[in-house]
Amino acid sequence: LELTKSRIIPTPIDAAVETQAWNADTCSKDTFLFVGRFDRLKGGDLVLRAFAELAALNPGLRLTFVGPDRGIKDDDGKVWHFNDFVLEHFPEKIRSRIDFRGRMDHAELMSLRTTQFATISAAQYDTMGYMVLEAMSLGCPLVATAVGGIPEFIKDQRNGLLVPSQDIGAMTVACQKLLDDHSLAVRIGRQAWQDCRDLYGSENIARQTVAAFQEAIDTFKT
């Protein structure tokens, strides 16, 4: 493929009405949200381990985990499902602060997002993760792994915090940074909402798509 002639067209998503976006004054300031499958690709196990470290430093902190339980295979070939994994790896004082919701209706999930202090994305690979875009569309503060296409729309310290893939320590530090600096959470959440509104709205992406097809047609004609 001649990549010099390629064009990246982002996934469209419309930003929420401003009055329905995340608000630091009304969210639960001691709860993080993870949305994704419990498997290695989405990094559910990494989020749990990072939360355990955060929970030791923040006694009131909780984690809401939303997504199907696909299980994680260890080096010995054993498949660990969510409840068994948590029971095996974390003490009761940590387990009691993890709220596993499993699959959730989309409308219910979107309502849940704005009640949480911040969202974590721990994917080991992603193109343009829709779960990240959904957080942006609501102005939710975000900690995400710098993999695949995510750094193309999440800029570290501007509209989110980026961490290396599979780096539990870096993920923990980034989450703690938001807990320690609520003004940072407000700023990056607001910028994420504005970027979603200005760059990724359906009308804007439709125009880009039409322009890309027209350019291809014009090139073919010549």
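In what follows, the structure referred to is the one given above.
Notes on the structure in this doc start here.

About the thresholds
Residues numbered from 1 in each chain as written. Predicted model: local features only at pLDDT ≥ 70, side-chain atom pairs only at ≥ 80, totals over all residues. Heavy atoms only, no water. Core = buried A, V, L, I, M, F, W, Y, C linked by side-chain atoms within 4.5 Å. Buried < 20%, exposed > 50% of the residue type's maximum accessible area, 1.4 Å probe, protein only. Helix = DSSP H or I, 4+ residues; strand = E, 2+ residues; numbered from the N terminus. Contact = heavy atoms within 4.5 Å. Pairing = 2+ DSSP bridges. Right-handed = clockwise from strand over helix to strand, strands pointing away.

### Details of the nonpolar core
- In this structure, Phe32, Leu48, Phe117, Met136, Phe153 and Leu178 are the most contacted members of the largest nonpolar core, which totals 61 residues.
- Counting residues per element, this core draws most heavily on helix α1 (residues 44-57), which supplies eight residues.
- Non-local contacts of phenylalanine 32, meaning those with residues more than four positions away in its chain, are made with Leu61, Arg62, Leu63, Thr64, Gln116, Phe117, Ala118, Ile120, Cys175 and Leu179.
- Residues Leu33, Val66, Met104 and Leu109 belong to the second largest nonpolar core, which totals six residues.

### Some remarks on the pairing of strand β2 (residues 62-66)
- The buried fraction of β2 amounts to four of the five residues, a majority that puts the element mostly inside the structure.
- The pairing of strand β1 (residues 28-35) with β2 spans five bridges and is classified as parallel. From the neighbouring strand, phenylalanine 34 faces β2, where its bridge partner is phenylalanine 65.
- Traced from β1 through α1 to β2, the parallel crossover comes out right-handed.
- Bridge count between β2 and strand β5 (residues 98-102): four bridges; the pairing is parallel. Looking at β5, one finds that leucine 63 is bridged to isoleucine 98.

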